[in-house]
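# Structural overview
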Amino acid sequence: MKTALIQFTAGDDPDANLKTVRAMIRDATGAGAEFVLTPEVSNVLSNSRRHQDVVLHLEVEDPFLKAMQAEAKALGIWLLIGSLAIKTGDADGRFANRSFLITPEGTITARYDKIHMFDVQIDENESYRESAAYRPGDKAIVADTPFGKIGLTICYDMRFPHLYRKLAKAGATIITAPAAFSPVTGAAHWESLLRARAIENGVFILAPAQCGQNGPKRATHGHSLIVSPWGEVLADGGDAPGITMVDLDLADVERSRRRVPSLDHDREFEGP
């Protein structure tokens, strides 16, 4: 299955981001991609909650989402919108960081709200408190497709291996990990975390990423990765915008799990 990861530099203008993503999806499909994935918060990356309040929408009204559904249908592809920032209508005004899996008919077959919020102080100059603007999700999602079951995660989720284990135990052979990863933690941990999650569970990891300078106070790591169930990096998108494509051999999942059947060896235990 020809799979393409879109890597670009989202800013705070949803219309400009949509134009960029749409053109890149068309380029990927023109090169033969059957499954296309975009990064986390593809619609808008902004440090201003006030600006987000102005430009974001409820899911049923979101023009970015509607355009992506129309694009998937017109091109006849499976499309993962890594995530969109979406208004929820919650009393506290917080948004959802929501991933969407769209069929070639343009319908939404799965939604996933990011469970783990990125609340960290990386150093004296870089800190994040995602939970101040976004409400965490509380449900793990596996979607059925003609080419296998897909587990959905987003960015910081990759630091929580129990989530990936549950997805694999539920039948996932592919797990998506769209991201807008910090350059500091990205350089240190990005590849190691994704390879570990692939190896532990015998799954393909598809991780489309934001890259570059997204705003005056925000940059992202890039290096979109496709990792095999054996832990091999099949493709690395580097640090510039572009399309990363691999023709996946989905039989690799069964081959890897047969060689090291660790999914069958989990044991319950007490303590500590």
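Before reading on, note that the structure itself is shown above.
These lines cover the structure that appears in this document, whether it is placed above or below. No experiment lies behind these values; they were computed from the predicted model shown.

Procedures and definitions
- Residue positions are counted from 1 within each chain, in the order its sequence is given.
- With the structure being a predicted model, the display of local features is reserved for residues of pLDDT at least 70 and the display and counting of side-chain atom pairs for 80 or more, all residues being used for whole-chain, interface and lining totals.
- Heavy atoms from the whole structure form the basis of all side-chain values; hydrogens and water molecules are not counted.
- Cavities and pockets were defined on a 1 Å grid built from protein atoms only: a cavity is a group of points that admits a 1.4 Å probe but offers it no way out, a pocket is an open group of points flanked by protein on both sides within 12 Å along at least five of seven lines, and a lining residue is one with an atom within 4 Å of any such point.
- Grid points are joined across faces, edges and corners, and a volume is the space filled by probe spheres set on the points.
- Helix and strand definitions follow DSSP, with helices as H or I runs of at least four residues and strands as E runs of at least two, each counted in order from the N terminus.
- Two strands qualify as a pair provided DSSP detects at least 2 bridges between them.
- Between the N-to-C directions of two axes lies an angle of 0 to 180 degrees, each axis being a line fitted to C-alpha atoms and, for a helix, fitted only over the stretch in contact.
- Contact between two residues is taken to exist if any of their heavy atoms lie within 4.5 Å; hydrogens are not considered.
- Counted as a polar contact is a pair of N or O atoms within 3.5 Å, where, for protein atoms, one must be capable of donating a hydrogen and the other of accepting one, and residues adjacent in sequence contribute only when both atoms are in side chains.
- By the convention adopted, Pro, Cys, Tyr, Trp, Phe, Met, Ile, Leu, Val and Ala count as nonpolar, Lys, Arg, Asp and Glu as charged, and the other residues, Gly among them, as polar.
- When describing relative orientation, an angle under 35 degrees is termed roughly parallel and one over 145 degrees roughly antiparallel, while 65 to 115 degrees is termed roughly perpendicular and anything else oblique.
- Should the near helix be turned anticlockwise from the far one by less than a right angle, the crossing is termed left-handed; should it be turned clockwise, right-handed.
- The term salt bridge refers to a side-chain nitrogen of Lys or Arg lying within 4 Å of a carboxyl oxygen of Asp or Glu.
- Three exposure classes are used, based on accessible area relative to the maximum for each residue type with a 1.4 Å probe and protein chains only: buried under 20%, partly exposed in between, and exposed over 50%.
- What the arc describes is the spread of directions from the helix axis to the C-beta atoms.

Another point: the layout of surface pockets. In this structure, the largest pocket spans a volume of roughly 600 Å³. Tallying contributions element by element places strand β7 (residues 126-129) first for the lining of the largest pocket, with four residues.

Further remarks concern the sheet that holds strand β14 (residues 225-227). On the basis of which strands lie adjacent, the open sheet formed by six strands has the order β8-β9-β10-β11-β14-β15 and mixed pairing. At either end of the open sheet lies a strand with only one pairing partner, and these are β8 (142-145) and β15 (233-236). Taking each pair of neighbouring strands and ignoring which way they run, the sheet shows an average axis angle of 20 degrees. Contacting β11 (204-207), β14 and β15, helix α5 (residues 183-201) runs over the sheet at an angle of about 30 degrees to β14.

The next subject is the environment of Ser 42. Tracing the backbone shows Ser 42 in the loop between β2 (35-37) and α2 (49-55). Between the C-alpha atoms of Ser 42 and Asn 201, which are 159 residues apart in sequence, the distance is 27 Å. In this structure Ser 42 touches Phe 8, Ala 10, Asn 17, Phe 64, Ser 83, Leu 84 and Gln 210, once residues within four positions along its chain are discounted. Separated by 2.8 Å, the side chains of Ser 42 and Thr 38 make a polar contact.

Okay, empty space enclosed by the protein next. In the structure shown here, the tally under the stated rule is one cavity of 30 Å³ or more. Forming the boundary of the largest cavity are Phe 118, Cys 155, Tyr 156, Arg 159, Ala 180, Phe 181, Ser 182 and Thr 185. Taken together, the residues of the lining of the largest cavity break down into five nonpolar, two polar and one charged.

Attention now goes to the packing of helix α4 (residues 161-169) against α5. Running from N to C, α4 and α5 cross one another at 40 degrees; their axes reach a closest spacing of 10 Å. If you check the angle between α4 and α5, you find them oblique. The handedness of the crossing between α4 and α5 is right-handed. Along its contact with α4, which presents Pro 161, Tyr 164, Arg 165 and Ala 168, the element α5 presents Arg 197, Glu 200 and Asn 201. A class-by-class count of the residues in the contact of α4 with α5 yields three nonpolar, one polar and three charged.

Our next topic: the pairing of strand β13 (residues 218-221). The sheet contact formed by strand β12 (residues 211-215) and β13 spans four bridges and is antiparallel. The partner of Gly 212 across the bridge, within β13, is Thr 220. Linking β12 back to β13 in an antiparallel pair, the connection comprises two residues.

We now examine the pattern of salt bridges. Applying the stated criterion to the full structure yields 19 salt bridges. Taking the shortest distance from any N to any O, the salt bridge between Glu 71 and Arg 22 comes out at 3.4 Å. Linking Glu 71 in helix α3 (residues 63-75) with Arg 22 in helix α1 (residues 14-30), this pair joins segments that are 49 residues apart in sequence. Classification of Glu 71 by relative accessible area gives buried; the value is 6%.

With respect to the helices and strands, Thr 29 occurs in helix α1. The exposure class assigned to Thr 29 is buried, which follows from its relative accessible area of 17%. Aside from chain neighbours lying at most four places away, what touches Thr 29 is Val 36, Leu 75 and Ile 77.

All of the buried residues along helix α6 (residues 251-259) are Val 253, Ser 256 and Arg 257. The buried residues of α6 all sit within an arc of 95 degrees when viewed along its axis, so they share a single face. Facing away from the buried surface of α6 by more than 90 degrees, the exposed residues are Arg 258 and Arg 259. Contact partners of the buried residues in α6: α4, β10 (172-176), α5 and β11.

Let us now look at the sheet that holds strand β3 (residues 78-87). Strand order in the open sheet made by the six strands is β5-β4-β3-β2-β1-β16, with mixed pairing throughout. Every other strand in the sheet has two partners, leaving β5 (108-113) and β16 (242-247) as the edge strands with one partner each. Going from strand to strand, the sheet's axes swing by 20 degrees on average, the running direction of each strand aside. As paired elements, strand β1 (residues 2-7) and β16 share six bridges and run antiparallel to each other. Paired with Lys 2 across the strands is Asp 247, a residue of β16.

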